[in-house]
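What follows is each chain in one-letter form.
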Amino acid sequence: MTLGESELVTGLGLLLILALAGSAAAVFLWRRAVSRAAAAAALSDGAVLIVEGGVVVEASAQAEALLGPAGGPVIGRQAREMLGGFFGSGPDSDANPDANPDASPDTNPGPDPGSAPDASPAPGAALAALAELERSGNAIHLLARDAAGRTFELSGEPRGGQLRLVLREAALFDAELNRARAGIAASEAALSRRELETLTLGGLLADAPLAAWNRAPDGRIAWSAGRITTRQGTVTGAEAAALAIARAKKRRREHPEESAPAGAGKTERFRLEIPGTERDRAIALDAIETAGPDGARLGLAVDASGSLGAERTLARFVRTMTDTFAHLNVGLAIFDRNQTLALFNPALVDMWQADPAWLARRPSLREIIDSLRANRRIPDMPDFHAWRRRLTDLFENTETADYEELWSLADGSDIRVVARPHPHSSLAFVFDDVTERMRLEQRYRHSIDLRRATLDRLDEGLVVFGPDGLLQLVNNAFHEIWGTDAETVRPPMHASELLPLVRGLTVETDVWQRLMSFITGAESRQAWEARLTLGTGRILGARFASLPDGSTMAAFSDVTDSERIALALRERNEALEAAEEMRAAVLDKISHRLRTPLNTIFGFGQLIADSRFGELTEAQRGYAEGILESARHLLATIDDVTELAALEIGSPHDHGAELSLGDTLMLTGRLLEKRATEEGVELRIVAPECGCEVACEAGRLRQIVFNMTTGAISRCRDGGRIELGARAGPDGEVEIRTVETCPDGAAIDPAGAEATSLTLPFLRRLVAQEGGSFELRAGEDAGTLSAVCRLRAREPEPEPEPEPEPEPEPEST
């Protein structure tokens with residue numbers, strides 16, 4: 001039960017007490033009214049009649065004034081005559097009271113002298129009462145009204161042998177009696193309301209989940225009501241009251257000094273517990289008792305099992321947090337709203353190098369800061385007092401406090417201090433020793449810088465895209481290869497923005513589409529390679545591979561020289577193969593055309609010189625020896641020729657020369673002719689109008705012309721025409737231009753074309769780096785668009801001055 005429900009139940013109990021007190025007050029007022037009515041009878045002596053032996057023997061002056069002169073021997077008749085004439089005839093005025101002298105007194109009993117009359121009786125009733133007094137001698141006391149409506153008090157009692165009748169005017173008594181009747185009626189109505197309220201509160205107590213009781217000062221239970229049902233059992237009001245009484249007795253035994261009775265209206269709150277079994281938990285009740293004026297106590301109790309569970313859970317949480325903070329390496333200090341240290345952990349003691357006993361005395365934040373300054377556990381501040389004031393000012397509004405600072409101490413350690421709001425207008429300070437972390441971060445940053453510097457010094461251009469396609473790394477070699485800069489290409493640029501910038505610089509286009517799919521693909525990816533041809537004629541080798549975290553690395557290297565060497569090697573190999581074939585042919589000729597006849601001559605010469613075939617003369621022998629010697633000499637000569645044919649003779653390497661502007665235009669046309677045909681565009685190359693050259697590096701010039709042409713092809717529609725040419729411009733400039741003509745003759749908006757192009761900004765920077773300008777404008781004819789690049793013309797090389805002729809030497813004498 002919540003606190004609001006407990007206060008509601010307490011209010012209902014107090015309302016029940018008020019209802020009971022109201023009932024007692026009503027009874028008290030009724031009795032007081034009766035006493036005041038009885039006292040009113042003594043306001044005057046009234047009219048007195050003395051009757052003896054049935055005869056009125058004496059009458060006061062007031063009686064004679066009211067009733068007239070008395071006479072007659074019988075009191076009953078005389079009284080009836082006297083009073084009948086005074087009060088008038090009533091319902092019983094004609095009845096003879098002597099007709100039934102033996103009638104029981106209970107038939108028409110007279111009023112009790114000691115009780116107050118409730119109403120004025122009729123005249124007949126008054127005469128009947130007189131007859132009863134005459135017969136039985138019982139005293140009478142009643143009120144009657146005369147014919148004029150006045151109220152009189154009639155009393156009679158025996159006195160010795162006489163009867164004394166007193167008739168007094170009761171106007172004051174009647175008024176008081178009317179007031180008493182009104183008060184009694186009001187008290188009865190209030191009492192009825194109190195009874196209704198009591199029944200209502202009783203019903204509420206019976207149905208409400210609470211227990212109520214009222215116990216006397218001696219410990220006796222006056223009454224109890226209600227019951228509390230929990231999962232562990234049911235507790236009635238009597239059981240709760242017994243627990244409260246037992247608790248009060250135990251407190252009086254343990255604390256006699258507190259046994260003084262509580263003052264009226266004093267309220268006491270306490271907790272009652274009923275021990276449970278091994279399986280069930282204890283039943284907890286939140287009780288409240290209010291002391292009354294007479295020392296009695298009214299008590300109420302509600303179920304507190306939920307509160308008890310919450311308190312125990314909170315206690316366990318506090319113990320857990322305390323144990324956790326005790327084992328933390330992070331220092332924790334909590335300051336209350338008065339800037340006093342309320343909680344700290346052991347790690348803070350080691351970090352501050354402070355005395356735990358001194359911290360346990362709960363010093364203030366200012367005292368702690370001064371102590372840390374003395375021990376040099378805070379950084380040196382230019383304005384220490386302003387810095388300390390900034391810390392103490394955090395407590396002015398703790399809900400918005402947000403403090404974070406790094407303390408670099410004199411011993412080289414770094415402490416990260418964070419202050420955050422804490423409940424009840426307090427602040428929690430966390431002190432984290434980040435010395436090792438800072439060193440690791442420094443080492444990490446140093447390692448990153450070292451790796452970046454290493455990558456920037458590579459000749460291979462590297463670019464890395466993350467799993468989301470965002471650029472993560474690019475080195476300087478990439479900018480040098482593709483002509484970009486760190487402002488245009490930098491993280492977190494997306495691959496869909498970077499690839500169009502470099503796509504227009506190459507002849508191949510399918511490589512970039514495959515690369516985009518490779519970057520954004522989620523399936524297993526295998527590394528692959530490609531060859532790219534730039535508009536400048538240079539050749540790049542590209543390698544694409546996936547990294548462990550899902551990133552993609554692209555590496556580009558300039559393989560133009562290696563490709564040229566490979567081409568030269570291939571040409572040399574082909575030449576060698578041709579030479580080999582020629583040598584084989586020469587050897588075949590030598591072997592077939594020379595060696596075969598020579599072998600025949602050499603063989604027949606040996607046969608002639610052989611003596612077995614006949615004796616030769618000396619001259620013949622000499623001739624035969626000459627034939628053989630000549631054959632040997634000729635064989636040696638053939639062997640030398642064969643060896644000479646087998647020799648490998650290399651050719652000198654021709655490096656060639658840079659291309660002129662006209663050759664650059666023609667080369668670009670040949671490279672992009674296939675691409676223009678695929679796009680349905682006619683590409684036409686117009687030879688320069690002059691033989692001038694531009695003051696630009698040849699590779700950069702080919703890159704500019706290539707980009708201008710690829711941009712025009714991408715802008716021109718299917719069926720269009722592009723003319724690429726150059727001419728001399730004003731002020732020593734050369735204009736390189738492309739003219740695009742739409743097939744339908746529709747006008748082309750230069751601003752729209754420039755806004756949708758990704759390569760034009762890059763092209764402008766290339767031209768600007770060479771000191772030129774680039775302009776995209778509408779052509780002179782309708783439906784045309786011109787792109788004009790102006791570059792400085794190259795100055796002609798000065799002709800070498802003729803060498804002076806040598807002076808003739810003087811003739812010697």
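These numbers were taken from a predicted model, which means no experiment stands behind them.

**Here we look at the packing of helix H10 (residues 365-374) against helix H11 (residues 384-392)**
Reasoning step 1: As a packed pair, H10 and H11 sit with axes 11 Å apart at the nearest point and diverge in direction by 145°. Where H10 crosses over H11, the two elements pack in a sense that is right-handed. Across the interface between the two elements, Leu365, Arg366, Ile369, Asp370 and Arg373 from H10 touch Phe384, Trp387, Arg388, Leu391 and Thr392 from H11.
Reasoning step 2: Taken together, the residues that form the contact of H10 with H11 break down as five nonpolar, one polar and four charged.

**What about H11?**
Reasoning step 1: Within H11, the full set of buried residues consists of Phe384, Trp387, Arg388, Leu391 and Thr392. Down the axis, H11 shows its buried residues gathered within 140° of arc, on one side only.
Reasoning step 2: Here the buried face of H11 lies against H10, strand S14 (403-408) and strand S16 (426-433).

**Describing the nonpolar core**
Nonpolar side chains tend to gather and get buried jointly when the protein is soluble and globular.
Reasoning step 1: Within the largest apolar cluster, 55 residues are counted, with the highest numbers of intra-cluster contacts made by Phe478, Trp482, Phe544, Phe556 and Ile736.
Reasoning step 2: Counting residues in each nonpolar core, the second largest holds 29 residues, with Leu341, Leu359, Ile378 and Leu394 among its members.

**A short note on a negative patch on the surface**
Reasoning step 1: A surface patch of negative charge is lined by Glu571, Glu574, Glu577 and Glu581.
Reasoning step 2: As for its position among the elements, glutamate 571 is in helix H16 (residues 560-609).

**Description of the pattern of salt bridges**
Reasoning step 1: For the coordinates displayed, the defined rule picks out 29 salt bridges.
Reasoning step 2: In this structure, arginine 715 engages glutamate 740 in a salt bridge whose closest nitrogen and oxygen atoms are separated by 2.5 Å. Here the residue arginine 715 occupies a position in helix H19 (residues 698-715), and glutamate 740 occupies one in strand S24 (residues 733-741), the gap between them amounting to 25 residues.
Reasoning step 3: Given the relative accessible area of 2%, glutamate 740 is considered buried.
Reasoning step 4: A cluster of three or more residues bridged by salt bridges with shared partners is formed by Arg215, Arg247, Arg251, Glu268, Glu289 and Arg297.

**Some remarks on the confidence of the model for the protein**
Reasoning step 1: For the protein, the average pLDDT comes to 76, and 76% of its residues sit at 70 or higher.
Reasoning step 2: Ranking the helices and strands of the protein by mean pLDDT puts H10 first, with 91, and helix H1 (residues 3-39) last, with 49.
Reasoning step 3: A low-confidence stretch, residues 89-119 stays under pLDDT 50, and its non-local contacts, those more than four residues away or across chains, total 32 contacts.

**Comments concerning the sheet that holds strand S1 (residues 47-52)**
Reasoning step 1: Pairing within the open sheet is antiparallel, and its five strands lie in the order S2-S1-S5-S4-S3. The sheet terminates laterally at strand S2 (55-59) and strand S3 (140-145), the two strands that pair on one side only. Between one strand and the next, the sheet's axes are offset by a mean angle of 25°, whatever the strand orientation.

**As for the sheet that holds strand S15 (residues 414-422)**
Reasoning step 1: Across the sheet, which stays open at both edges, the five strands sit in the order S13-S12-S16-S15-S14 with antiparallel pairing between neighbours. Across the chains shown, the open sheet's two edge strands, defined by having one partner strand only, are strand S13 (341-344) and S14. If you compare each strand with its neighbour and ignore which way they point, the axes differ by 20° on average.

**Topic: the packing of helix H18 (residues 661-678) against H19**
Reasoning step 1: As a packed pair, H18 and H19 sit with axes 10 Å apart at the nearest point and diverge in direction by 35°. Viewed along their axes, H18 and H19 form a crossing whose handedness is right-handed. Contacts from Leu661, Thr664, Leu665, Leu667, Thr668, Leu672, Arg675 and Ala676 of H18 reach H19 at Leu701, Arg702, Val705, Phe706, Thr709, Thr710 and Ile713.

**Here we look at the packing of aromatic side chains**
Reasoning step 1: Here the structure, examined in full by the defined rule, presents 14 aromatic pairs.
Reasoning step 2: Seen from their ring centres, tryptophan 482 and tryptophan 512 are 5.6 Å apart, and the 70° between their planes marks the pair as edge-to-face. Here the residue tryptophan 482 occupies a position in helix H13 (residues 476-482), and tryptophan 512 occupies one in helix H15 (residues 510-520), the gap between them amounting to 30 residues.
Reasoning step 3: Taken together, Phe335, Trp352, Phe384, Trp387, Trp407, Phe429 and Phe431 form an aromatic cluster joined through their ring pairs.
Reasoning step 4: Over the ring of phenylalanine 270 we find arginine 247, and its NZ or CZ is 4.0 Å from the ring centre.
Reasoning step 5: Across the ring face of tryptophan 528, the terminal group of arginine 514 is positioned such that the distance to the ring centre comes to 3.8 Å.

**Considering the pairing of S24**
Reasoning step 1: S24 sits mainly inside the fold: seven of its nine residues count as buried.
Reasoning step 2: The pairing of strand S23 (residues 721-728) with S24 spans eight bridges and is antiparallel. Its bridge partner being in S24, alanine 728 is matched across the sheet by valine 734.
Reasoning step 3: Linking S23 back to S24 in an antiparallel pair, the connection comprises four residues, with aspartate 731 at a positive phi of about 60°.

Definitions and cut-offs
The written sequence of each chain sets the order in which its residues are numbered from 1. It should be noted that, the model being predicted, local features are given only for residues of pLDDT at least 70 and side-chain atom pairs only at 80 or more, the latter also being counted only at that level, while totals for whole chains, interfaces and linings use all residues. For side-chain calculations, the full set of non-hydrogen atoms in the structure is used, while hydrogens and water are omitted. Under this scheme, a helix contributes an axis fitted over its contacting stretch, all axes are lines through C-alpha atoms, and angles between N-to-C directions fall in the 0 to 180 degree range. Strands here mean DSSP runs of E at least two residues long; helices mean DSSP runs of H or I at least four residues long; both are numbered from the N terminus. Each crossing gets its handedness from the near helix: less than a right angle anticlockwise from the far helix is left-handed, clockwise is right-handed. Contact between two residues is taken to exist if any of their heavy atoms lie within 4.5 Å; hydrogens are not considered. Just so you know the grouping, Ala, Val, Leu, Ile, Met, Phe, Trp, Tyr, Cys and Pro go in nonpolar, Asp, Glu, Lys and Arg go in charged, and all remaining residues, Gly too, go in polar. Relative accessibility decides the category of a residue: with a 1.4 Å probe and only protein chains considered, values under 20% of the type maximum give buried, values over 50% give exposed, and everything between is partly exposed. What the arc describes is the spread of directions from the helix axis to the C-beta atoms. Take the buried residues of types Ala, Val, Leu, Ile, Met, Phe, Trp, Tyr and Cys, join any two whose side-chain atoms come within 4.5 Å, and each joined set is a nonpolar core. Patch criteria: residues need more than 30% relative accessible area and no salt bridge. Like-charged residues are merged within 9 Å; nonpolar side chains of Val, Leu, Ile, Met, Phe, Trp and Tyr are merged within 5 Å. Each accessible area is a Shrake-Rupley estimate made with a 1.4 Å probe; only the visible protein chains count as cover when residues are assessed. The salt bridge definition used is simple: a Lys or Arg side-chain nitrogen within 4 Å of an Asp or Glu carboxyl oxygen. Under this rule, positive means Lys or Arg and negative means Asp or Glu; His and the chain ends count for nothing. Positions of charges follow a simple convention, taking NZ of Lys, CZ of Arg, CG of Asp or CD of Glu. Confidence scores here are pLDDT values: one per residue, from the predictor, ranging 0 to 100. Strands qualify as paired when DSSP identifies two bridges or more between them. Each Phe, Tyr or Trp ring (for Trp, its six-membered ring) is paired with any other whose centre lies within 6.5 Å, and the angle between the two planes then decides the class: stacked below 30 degrees, edge-to-face above 60, tilted in between. Only when the NZ of Lys or the CZ of Arg is both within 6 Å of the ring centre and within 35 degrees of the ring normal is a charge said to sit over the ring.

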